Amino acid sequence: MRDEVVASTDGCVKCTICEQACPVAAVTDLFPGPKYVGPQAERFRHGDSVDRSVEYCSGCGACSVVCPQGVAVAELNIRARAQIPRSRRETLRNLALGDTESVARLAGLVPGVANALLGNRAVRRVAQWLAGVHRLAPLPAFAPRRSVRSFWTKSPGEGVPVVYFPGCSTSWYEPWLGEMVVAVLERNGISAQIAAGRCCGLPAQSNGFFGLAARRVARIAKELGAPVAKGTPVLASSTSCALMLMSEAKDVLGIESDPVLRLAEATWDVSEFLLDLHRQGRLDQKGLSPISRRVYYHPPCQQRRHLSGRPALELLALIPGVEIIESTQYCCGIAGTYGLKAEKYEVAMEVGRGLFSEIADSSPEVVACDSETCRWQITHASGVPSVHPVELLYESYGLSGARRPLRQDAKRKSARR
Amino acid sequence: MTQALSADVLVIGGGSTGVGVAWEATRRGLSVILAERSNLAGGTSGRFHGLLHSGGRYVVSDPRSASECAAENKALRSIAPQAIEDTGGLFVSLEGDDPAYAEGFPLACERAGVEAVAMSPAEARSAEPAVNPGIQAAFWVPDASVDVWRLLGILSAQAAEGGAKILEHHEVVSFEQEGQRVLGARLKDSATGETRWVSAQVVVNATGAWSGRVAAMAGCEVEILASRGVMVAFADRLSHLAINRCIRPSDGDIVVPIRTVSVIGTTDVAVADPDDTTVAPEEVAAMVAAADQLIPGAGSARTLRAWAGVRPLYRPPGGAGSGATRTVSRAHALVDHATQDGVEAFVTITGGKLTTLRLMAEEAVDLVVAKIGLPATPAFVEALEEKPARPAYFRLPDALAHRESVWGGDRDAVVCECEGVLRSDVVALVAAARGRIGIGDLRRSLRVGMGPCQGGFCSYRCAGLIAEAAQAAEAVTEDLVEFWKERFKGTATVSFGAQARQEILDRWLYASPLAPPGEPVALP
């Protein structure tokens, strides 16, 4: 049978709606646009990849979301990018950014040393020259071992069982977010079992390592096979992990094994899950105490591809006293690891320019955003601290114990200029 | 009447046969004039599926055609590799197909000199993942696909370089005869309406399905069975190998990957009028169903266009035959009307296949040379000498690489998005033609308007570029409307599914924002 993604190109009527929606094509001539590199170029691809221009697709997926004919434009482009012949240096750089789990496991052993190195301007200059990672790019800081230990020893509490999938970001960079997620769930009668710290495979996939990505997903599907078979929901607070487990494993990597398909059915974005609880009347709304804060909410591009509306926005609206400014901009530019690369950093910053100036104009105290890489980029570019929406729920519930280390934001700000 | 012309040979017909004869005659040092009533490949040649036959199709039913195809496949590859994509092909036997045919296939191939390599079904599936997984037997053959406009463009350009005069849009009105000798023909220029007189030592009738009519104008008899075959193009390539069904020749037995599309062919229906290229919706449905058997999923793939070509099947005088077109030989015929009808200096070369055009040309020119009295020279030698060290076959990603090479900033713009045609490509062609060019010519040379949108976007851009270079806006508008009539004719029977959505958008663009000035012209 014809591959579904390739077959979807049959739907393209050249209407150009995707080209209008593409945030990258809008800011640079290096990228010819999603229709051009997607359904149009696809008809010529056979054997060697000859079109490097698809490299500048950030994979934000705006094209697939807006296409009225159901063409899987972004999925085509991710696949085509993986076919581009690469120099050894480029391959090594992409592997360092794509195999986040291995890198984090290593550096996580000595977070202080790793952070000191990554925060050092001279080291970053060398890293840009040697490894092609832009010296100013918002690389995350590794969490102190104390915070990591605190998350992994957190008890799931009493209640209806779910599995919480922490992914790389919570496992190694923001363990306090995991603690907050578990605590907020517990407050609402949900007992979250924490799954092993694994990479979902999305960074590997977007850096062209489909084999590695497929092994990552298959391992998770195997490990979570038992609870998924019992109908236990799997929750992710990282939008990219949720996207990978919900759809991209099948749509991009083409995995159609039963465990992966069942996992896709079971996976929820944490905000979508909490909103669902609320709609069932099971969310403790009364327990939300007022927070008088001006919050700018930005739904990341990956979250939009969940095709579930803006659940975090509806949740934030439940918190008394919060003043919400809703983003009108599509993308912050970072697109996972795209904006970290030396040749794409400026493009990514240009893509996010509209968002950054809108944030500056609305002078919020904090930015809420569901994706970690977007939060890092937003704070890097705007200087405004950024949090996951669940962090605000945690605060509103008056929960305590988990704490975001202050120096995290300070450090990232220092990376500017 | 404009000035008279004269040449050693006047070739009537600018299809693969006629262009081949003009090319061959020029190479042998003869002066040549070729007259074509429309444009090169405007008849049957431009209306086929694009297969350069390995010969495998005919090894059982018509071994002579099979042997000729096998030899000529090699010859054409060395003559015009740029027009050919070396796809390779499979013969596959499906569940329910007569197993005896597949069993006899290798021996029949060997006898006919057709290269065929037996493969296990698993090997065939790995060579072509799109093929029906239920195949029972499979053979690899050296099929290829050929872009006929590019092929005839190469041959006619070489002929023109050697002094041949190629007259498109010139139709024969009458022959000039003195006693029992043909002296030449009167041609009518369809653009100006003027007639011109061409004298020649020998006239070659290479008008394919029309050769009976043309021969009759000289008082000669050629019996042609006109056989219509319907083809359907899909919007994308469904396979990268040609896939033949390993059965006796029948309807819908071949899917050819040609440029960016796949074409399923074909039917075989006797028609009275060689200009009858109508396509019935049931024929389209039958072709799509046949494609779905060879390539599961083809049945729901987007269809782009359907068309019909009319094959010239030659029946020798007094020859037997039930009249069933499938059983008539595909082999070509060379008729010397001096011996058959007593008419001197008039020769008909007809039947055959596009794949065998060189052989047909060689035989025809041998006869011409014998009549004129020049010494014959072996034709093949020179072609072999010209053979490049490594044939530079066309490759599918070439167009993408071409587009990519000029991408970036203001370096160029894409005019035809589906086929990746650049503004510079169009401008160069318009300039070379000194503005005497239509969108249809751009389509044949560059594939403008042959992709999924069928010209919905690029036709207006091309019209603009032509107008910018040379022509009056009114003439360009007229050309644009003609182009659209032709486009919609070919999509009428495939307007369902995704193609229907495309057509609605195309018609809306045509009717409203980009409407030609003046009274709206109704489209089919």
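Whatever comes next refers back to the structure up there.
Below you will find a few notes about this structure. These numbers come from a predicted model, not from an experiment.

1. Some details on the overall build of chain A
Here is step 1: The secondary structure content of chain A amounts to 25 helices and 8 strands.
Here is step 2: Taken against the 2.2 N^0.38 rule, which gives 22 Å for 417 residues, the C-alpha radius of gyration of chain A at 20 Å falls within 12% of a compact globule.
Here is step 3: If one aligns the C-alpha atoms of chain A with their principal axes, the spans along those axes are about 60 × 50 × 40 Å.
Here is step 4: Here chain A holds 417 residues, and the buried ones make up 60% of them.
Here is step 5: Accessible area for chain A stands at about 16,200 Å²; split by element, carbon and sulfur atoms hold 54% of it.
Here is step 6: With 50 positive and 41 negative side-chain charges, chain A shows a spacing of 7 Å between the two charge centroids.

2. Details of empty space enclosed by the protein
Residues and elements named next belong to chain A.
Here is step 1: This structure, assessed with the given rule, holds 8 cavities of 30 Å³ or more.
Here is step 2: If you add up the space inside the largest cavity, you get close to 120 Å³.
Here is step 3: Around the largest cavity, the lining comprises 15 residues; the ones closest to its centre are R81, S206, N207, Y338 and K341.
Here is step 4: Classifying every residue of the lining of the largest cavity by side-chain character gives 4 nonpolar, 6 polar and 5 charged.

3. Re the packing of helix α1 (residues 16-27) of chain B against helix α9 (residues 357-372) of chain B
Packed helices, taken two at a time, are described by their axes: the angle between them and the distance between them.
Residue and element names in this part refer to chain B.
Here is step 1: Viewed as axis vectors pointing N to C, α1 and α9 meet at an angle of 55°, and their least axial separation amounts to 8 Å. As summarised for this structure, α1 and α9 are arranged oblique, according to the angle between their axes. Taken as a pair, α1 and α9 cross one another with a handedness that is right-handed. Of α9, the residues touching α1 (which contributes S16, T17, G20, V21, W23, E24 and A25) are L357, R358, M360, A361, E362, A364 and V365.
Here is step 2: Its residues assigned to classes, the contact of α1 with α9 shows 8 nonpolar, 3 polar and 3 charged.

4. With respect to the environment of P312 of chain B
Residue and element names in this part refer to chain B.
Here is step 1: Looking at the secondary structure, you find P312 in strand β18 (residues 303-314).
Here is step 2: For P312, a relative accessible area of 13% gives the class buried.
Here is step 3: Here the alpha-carbon distance between P312 and V59, two residues 253 residues apart in the chain, equals 20 Å.
Here is step 4: Contact partners of P312, with chain neighbours within four places excluded, come to G208, A209, I224, L225, T350 and G351.

5. Remarks on the side chain of H134 of chain A
Here is step 1: In this fold, H134 of chain A is placed in the loop between α9 (121-131) and α10 (145-152).
Here is step 2: Discounting chain neighbours no more than four positions away, the residues touching H134 of chain A are R124, Q128, L340, K341, A342, Y345 and E346 of chain A.

6. A look at the interface of chain A and chain B
Here is step 1: Of the residues lining the interface, 28 residues belong to chain A; the matching set on chain B comes to 35 residues.
Here is step 2: Of the roughly 2,800 Å² buried between chain A and chain B, counting both surfaces, carbon and sulfur atoms make up 56%.
Here is step 3: Contact with chain B buries area across many residues of chain A, yet Y36, R43 and F44 of chain A alone supply 31% of it, more than any other trio.
Here is step 4: At the boundary of chain A and chain B, one finds 3 salt bridges.
Here is step 5: D236 of chain B is the salt-bridge partner of R2 of chain A, the closest N and O atoms lying 3.7 Å from each other.
Here is step 6: For the side of chain A that touches chain B, the element with the most residues is helix α3 (residues 34-42) of chain A, which contributes 4 residues.
Here is step 7: The residue makeup of the side of chain A that touches chain B, split by class, is 12 nonpolar, 6 polar and 10 charged.

Parameters at a glance
Residues numbered from 1 in each chain as written. Chains lettered and ligands numbered in written order. Predicted model: local features only at pLDDT ≥ 70, side-chain atom pairs only at ≥ 80, totals over all residues. Heavy atoms only, no water. Helix = DSSP H or I, 4+ residues; strand = E, 2+ residues; numbered from the N terminus. Rg over C-alpha atoms; globule rule 2.2 N^0.38 Å. Buried < 20%, exposed > 50% of the residue type's maximum accessible area, 1.4 Å probe, protein only. Areas by Shrake-Rupley, 256 points an atom, 1.4 Å probe, with all protein chains shown as cover. Lys, Arg positive; Asp, Glu negative; His and termini not counted. Charge placed at Lys NZ, Arg CZ, Asp CG, Glu CD. 1 Å grid on protein atoms, 1.4 Å probe; cavity = no way out; pocket = protein on both sides within 12 Å on 5 of 7 lines; lining within 4 Å. Points joined across faces, edges and corners; volume = space filled by probe spheres on them. Nonpolar A, V, L, I, M, F, W, Y, C, P; charged D, E, K, R; others polar. Axes fitted to C-alpha atoms, helices over the stretch in contact; angles between N-to-C directions. Parallel < 35°, antiparallel > 145°, perpendicular 65-115°, else oblique. Left-handed = near helix turned anticlockwise from the far one by under 90°. Contact = heavy atoms within 4.5 Å. Buried area = accessible area lost by both parts, 1.4 Å probe. Salt bridge = Lys/Arg side-chain N within 4 Å of Asp/Glu carboxyl O.

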